[in-house]
Amino acid sequence: MKRRSLVYALAAMAAPMARAQQAESASQQRLRQVMQQARDGGAAAPVPAERLKLRADLLAEGEAALARVDTTAALSAFERAAVILHAADTEMGLVRTYMQSGEYRRALSFGAHTAGAHLDAIGGTALYAWLLHAGGQEGIARQLLAQARDRAPGQPLAAQVEEALRASPPRPLGAMLQPPARLAPYSRPLDLPAHARVVASATLVGNGAAALVPAAALSPGRRYWVRNGLGLVSAATAAPAARAHWLALLKLADPLPRYPVMRSAADAFPGSIAFAVEFAGQPDAAPAWPLLKSGFTGAALDNAGTRALGVEMAPGGLRGGPVFDANGLLTGIALSARPADLLVPVSRLQQAFGADLFAAAPARGARQGVDAVYEAALGPTLQLLRA
């Protein structure tokens, strides 16, 4: 009964962050069946050895597909493994596949189930907590990790994740990057020099063919790449003389998928809700999921519309990522400055770099939950890599 109650409690936490689709896909139906089996407590009969061997092969196949960012093959392999046995490692593979596909809300919903239905597998709780943290739900993440540590004090992973979340900047290291509870996406292979590293966040624009990056992160004669929160990458080159408002425009050699991010029709006003998304600072070129912080837009700093960002960002974060309003519409780009971080509004970006870089939004939009904003930001929020 205690296990079942925790399953329901965790699912209730994720419910506001997992809105139902109009029609279920085959994989969604399978997910619902697996979760129903867990709620009913239906213990399956012993699985024959040959079926367990097939399951192990499918898990390896799914992990290999994820590593090459083939989410379709990964989903097929993990779902076939889930049919054989209801187990935490399979479900963590599914959660990470949803994330690699850009389905944050779905990953969060199934992550809640995995954490509650498999209390003996600390990796499920660690993965779920990290996803909550990345999406701006730090309080719940810390609460879950503290409960996991108290429940299983001999398990080091929960303590490692707790320590990582207290760090500045927070980033997964060591065992936290090992499957099945890998707390980061995979990336398509890059031929990078050993000293390459992530130097800034950036924002995808121009129908996926360009990126706006902090100009201070660029140096003459260097090579650049951008990579989004789904592990998709492209080489990038600076456009001649395309600099304004402390930002520079990079052209992408291979356009990235243009996720449906639309600009706000009007600049954000002081005190309005703001969601800023960026990557944590790091000394290498490893892929990562971006981090979302929420707050309120700051005061105007000049007559041209530049504002104080107003969102308290994590220490060690890399500015240059997008900022969204309560309707999930792009209101500008965050930049590091003293004494306070800046928000360069989308109206100034249009004037400087061209209105065609941003998709127009409807006159009226519906307010979005923080989970929906974060899901929409996984594609257009970029790491800027420099070699």
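Residues numbered from 1 in each chain as written. Predicted model: local features only at pLDDT ≥ 70, side-chain atom pairs only at ≥ 80, totals over all residues. Heavy atoms only, no water.

Caption draft 1: Geometry of the overall build of the chain. Counting its secondary structure elements, the chain contains 11 helices and 15 strands. Counting all 387 residues of the chain, 55% fall into the buried class. Considering only contacts within the chain whose residues lie at least 6 apart along the sequence, 70% involve residues at least 24 apart. Carbon and sulfur atoms make up 54% of the accessible area of the chain, which amounts to about 16600 Å² in all. (Helix = DSSP H or I, 4+ residues; strand = E, 2+ residues; numbered from the N terminus. Buried < 20%, exposed > 50% of the residue type's maximum accessible area, 1.4 Å probe, protein only. Contact = heavy atoms within 4.5 Å. Areas by Shrake-Rupley, 256 points an atom, 1.4 Å probe, with all protein chains shown as cover.)

Caption draft 2: Region of the structure containing the packing of aromatic side chains. Taken as a whole and assessed by the stated rule, the structure comprises 2 aromatic pairs. When the ring of Tyr98 is compared with that of Phe110, the centres are 6.2 Å apart and the planes differ by 45 degrees; the resulting orientation is tilted. Here Tyr98 is found in helix α5 (residues 88-100), whereas its partner Phe110 is found in helix α6 (residues 104-117), with 12 residues between them in sequence. There is no split in this pair, since Tyr98 and Phe110 are both buried. With centroids separated by 4.6 Å and ring planes inclined at 65 degrees, the aromatic side chains of Tyr104 and Tyr374 adopt a geometry described as edge-to-face. (Phe/Tyr/Trp six-rings, centres within 6.5 Å; stacked < 30°, edge-to-face > 60°.)

Caption draft 3: A look at the pattern of salt bridges. Within this structure, the stated rule accounts for 12 salt bridges. Note that Arg55 is salt-bridged to Asp89, the shortest N-O span being 2.3 Å. Separated by 34 residues along the polypeptide, Arg55 in helix α3 (residues 49-67) and Asp89 in helix α5 bring together distant segments of the chain. Taking the shortest distance from any N to any O, the salt bridge between Arg96 and Glu63 comes out at 2.7 Å. Note that Arg96 is positioned in helix α5 and Glu63 in helix α3, a separation of 33 residues in sequence. Each member of the salt-bridge network shares a partner with another, and the members are Arg149, Asp150 and Glu162. (Salt bridge = Lys/Arg side-chain N within 4 Å of Asp/Glu carboxyl O.)

Caption draft 4: A look at the pairing of strand β5 (residues 247-252). Counting buried positions along β5 gives 5 out of 6 residues, so the element sits mostly inside the fold. Pairing between strand β2 (residues 210-214) and β5: 5 bridges, direction antiparallel. Bridge pairing in β5 places Ala211 opposite Leu250. (Pairing = 2+ DSSP bridges.)

Caption draft 5: Focus on the environment of Thr237. In this fold, Thr237 is placed in strand β4 (residues 233-244). Separated by 14 residues in the primary sequence, Thr237 and Lys251 place their C-alpha atoms 5.4 Å from one another. For Thr237, the contacting residues outside a window of four places in its chain are Leu249, Leu250 and Lys251.

Caption draft 6: Looking closely at the side chain of Arg227. Tracing the backbone through its elements, the reader meets Arg227 in strand β3 (residues 224-228). Of note is the side chain of Arg227, whose polar atom sits 3.1 Å from the side chain of Ser187. Among the polar contacts made by the side chain of Arg227, one reaches the main-chain carbonyl oxygen of Ala286 at a distance of 3.2 Å. The contacts of Arg227, once residues within four sequence positions are left out, are Ser187, Leu190, Leu232, Val233, Phe279, Ala285, Ala286, Pro287, Thr381, Leu382, Gln383 and Leu385. (Polar contact = N/O pair within 3.5 Å; in protein donor to acceptor, adjacent residues only side chain to side chain.)

Caption draft 7: Layout of the packing of helix α8 (residues 138-151) against helix α9 (residues 156-166). Between α8 and α9, the shortest axis-to-axis distance is 9 Å and the interhelical angle comes to 150 degrees. By the angle between their directions, the pair α8 and α9 is classed as roughly antiparallel. Crossing hand, α8 versus α9: left-handed. Taking contact as the criterion, the partners of Arg142, Leu145, Ala146, Ala148 and Arg149 in α8 are, on α9, Ala158, Val161, Glu162 and Leu165. For the contact of α8 with α9, a count of residues per class yields 6 nonpolar, no polar and 3 charged. (Axes fitted to C-alpha atoms, helices over the stretch in contact; angles between N-to-C directions. Parallel < 35°, antiparallel > 145°, perpendicular 65-115°, else oblique. Left-handed = near helix turned anticlockwise from the far one by under 90°. Nonpolar A, V, L, I, M, F, W, Y, C, P; charged D, E, K, R; others polar.)

Caption draft 8: Just unusual backbone geometry, in detail. The omega torsion across Pro179 and Pro180 is 10 degrees, close enough to zero to call that bond cis. On the secondary structure map, Pro180 appears in the loop between α9 and β1 (197-205). Residues Arg338 and Pro339 are joined by a peptide bond in cis, for which omega reads 5 degrees. Mapping Pro339 onto the fold places it in the loop between β12 (330-335) and β13 (342-345). Despite not being glycine, Val69 shows a phi value in the positive range, around 60 degrees. Positionally, Val69 belongs in the loop between α3 and α4 (71-84). Classification of Val69 by relative accessible area gives buried; the value is 11%. One non-glycine residue with positive phi stands out, namely His245, at about 55 degrees. Following the sequence through the fold, His245 ends up in the loop between β4 and β5.

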